[in-house]
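An overview of the molecular structure
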Amino acid sequence: MMPRLPSVPTSQTDATGSSGARLVQGLLQGLRQGVNLATDNDVGTDFHMELRIPSTGEGIGLTVGGQIKSGLSFFEWSGSTDEDGSGWWFYEKEGDAHFGLWSLSSIPYILVLYNPQTTDAHWVHVSETRIVNTNSVQGKKIFVPGKNLLNADAIDQIIEIAKASYLRNPYQGTIWRTSDLTVQESIRYRVALIAPRLIAPHPNQGRLKPQDPCAAIGIVLTGFSHYLQGEQPDDDLPHGTGWGWMFYDAFAAWMAGEGVRGIKAALFASEMPSQRAAAAVLLVAALVDDDRPNDALDALRSVDLLGMTETDICWLRAHETQLLYDLGCERDAKDLAVVWLNRARRIAGDITLEPIIASLTSTVFRLSDWEGQDVKTLIQSRDNLSAWWRAFSMESVPSREVDFSFSRTGVNLSKVADADVESHNRLTAAAVTCLMSANYESWRAYSNQLAKLDYARLRGNRSDGAGILNVINTLRMCNSPKEVGAIAYQIWMTGPVDDLSKATIAAGSARVTRHSLDSCARLFQHAGDLLPTDMRSRLVSQ
């Protein structure tokens, strides 16, 4: 039986220390964490924090709650313990129930003490094992160690606490043999696209020749497509006939840059509702990747849902909420995400559901105005296992060097120009998996890195105008104004300007979304003179 959470009466006055709360929020945001402060009356929760890897800002799919106490009065009860050294005791008065609320919550809670004199913030995880009952009018207390400064190291510790609190998915890691895990036929295509490790054989088996098209897709999306070969390295993958291999061919053609014609044919020819759902998601993802969000939304809304499972429909709706958000329809996006997040939580036993819930939760988190209870009642979990793997994929790519090499004055990517094929494949796989999972935020982050790596390769071949155009277009739609400005400046100074002109005209013709607005503005700032007169006049009037 689940423990019953104690009720906490709402205070009639606003929580004190609001300035301290804002300072702590700024501190956490400086550590690249996503923080929403509660604006309603104090019910024991001052903020929710969406945890991110401090070095990259990549979300890992975990959330913690917290309470902030600001003021010198909270540092009067100094003390020490054998385990934690010196610090301070924080007391909960008799009759209050915040400790119980925090320790029994479905997400971890931290208590933060902010010292306005030193501007230091100290924290502690509020758990049942750390709460001490004084058996007096002082009520309960918890010790906040002085060594627990809220900094990048603390974020790493908080991430580990959140991981430990998360109910882990029993399906972990890449399977060694395809027989190790039986995935039911009705979800194989969905598994291949958003949880590929559960269906792809391990590359340590050597050259892979899967008899199953879903396993072949899984191999590509785990970043090991260079293992997907025939008897000789240049052989095509031998495969059979039927819709599954038609779908694989359409997927492979899109990955090779050949467009969406094959995907549309596979969608039209789909024989089962699960196939139709997978083909629809692949088509939507391909259109989003091609900077056609309006076409993606139209395609999504034209899909026949007859016979689809709740999870398949939820998958499609997760993509719809992301598209609505990108196109500026925030209220519609939030309302749809709330409805389907509630429905998704009632679906049991589906191993592919967690990344879909992650996408819906992220939409609610971003758009909550904290007037109601949406986030407080709906945030449960995100797929930290697949998020961990996506983050792991970044480790083999020199992302820090790539980021450092872009500046306002130009680009120097000599350090990363020779990034190996496997690193590029793994990064591509991570980006596509995020896109299929409706995790558009992470897809943009990985696409940003891919575009910069591609530009590094193109520096020695400036005649590849199509490649340069693709890099600028990708960075533009990935909310990367700094990178767009750096490349535009370098091409403006060194040429050829034709490539920059084509990219600028493409930006002027495209539908501007919330994620491309700043990049378009930066591009027009550097290269607006290259636009045709009529287009320049239209953009100025807008």
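Structure's up top.
Computed from a prediction, not measured in an experiment: that's the story for all the values here. (Residues numbered from 1 in each chain as written. Predicted model: local features only at pLDDT ≥ 70, side-chain atom pairs only at ≥ 80, totals over all residues. Heavy atoms only, no water.)

In terms of nonpolar packing, the biggest core is built from 81 residues, with Leu193, Phe247, Trp254 and Met436 touching the most fellow members. With 12 residues, the single largest contributor to this core is helix α8 (residues 273–289). Of all hydrophobic cores here, the second largest spans 25 residues; its members include Ala21, Val35, Met49 and Leu150. (Core = buried A, V, L, I, M, F, W, Y, C linked by side-chain atoms within 4.5 Å. Buried < 20%, exposed > 50% of the residue type's maximum accessible area, 1.4 Å probe, protein only. Helix = DSSP H or I, 4+ residues; strand = E, 2+ residues; numbered from the N terminus.)

All right, on to the sheet that holds strand β3 (residues 59–70) then. Pairing is mixed across the open sheet formed by five strands, whose spatial order is β1-β2-β3-β6-β7. Strand pairing shows two members of the sheet lacking a second neighbour, β1 (34–37) and β7 (120–125), which therefore form its edges. Averaged over all adjacent pairs, the angle separating strand axes in this sheet is 30°, with direction ignored. Bridging between β1 and strand β2 (residues 47–52) involves four bridges; their strand directions are antiparallel. Its bridge partner being in β2, Asn36 is matched across the sheet by His48. Contacting β1, β2, β3, β6 (109–115) and β7, helix α1 (residues 18–30) crosses the sheet at an angle of about 165° to β1. (Pairing = 2+ DSSP bridges. Axes fitted to C-alpha atoms, helices over the stretch in contact; angles between N-to-C directions. Contact = heavy atoms within 4.5 Å.)

In this sheet, strand β5 (residues 85–92) lies alongside strand β4 (residues 78–81) in antiparallel orientation, the contact comprising four bridges. In the strand pairing of β5, Ser78 is matched with Trp88.

Turning to the packing of aromatic side chains, a few remarks are in order. Tallied over the full model, the rule gives 10 aromatic pairs. Residues Tyr189 and Trp243 carry aromatic rings whose centres are separated by 5.2 Å and whose planes lie at 85° to one another, so their mutual orientation is edge-to-face. A residue pair is termed long-range when its members are at least 10 positions apart, and Tyr189 in helix α4 (residues 188–194) and Trp243 in helix α6 (residues 243–255) qualify at 54 residues. A centroid spacing of 6.5 Å and a plane angle of 55° characterise the contact between Phe251 and Trp254, whose relative ring orientation is tilted. With Phe251 and Trp254 both in helix α6 and three residues apart, the pair spans about one turn of that helix. Pair check on accessibility: Phe251 and Trp254 agree, each one buried. Geometry around Trp89 places Lys141 over its ring, the cationic atom sitting 3.9 Å from the centre. (Phe/Tyr/Trp six-rings, centres within 6.5 Å; stacked < 30°, edge-to-face > 60°. Lys NZ or Arg CZ within 6 Å of the ring centre and 35° of its normal.)

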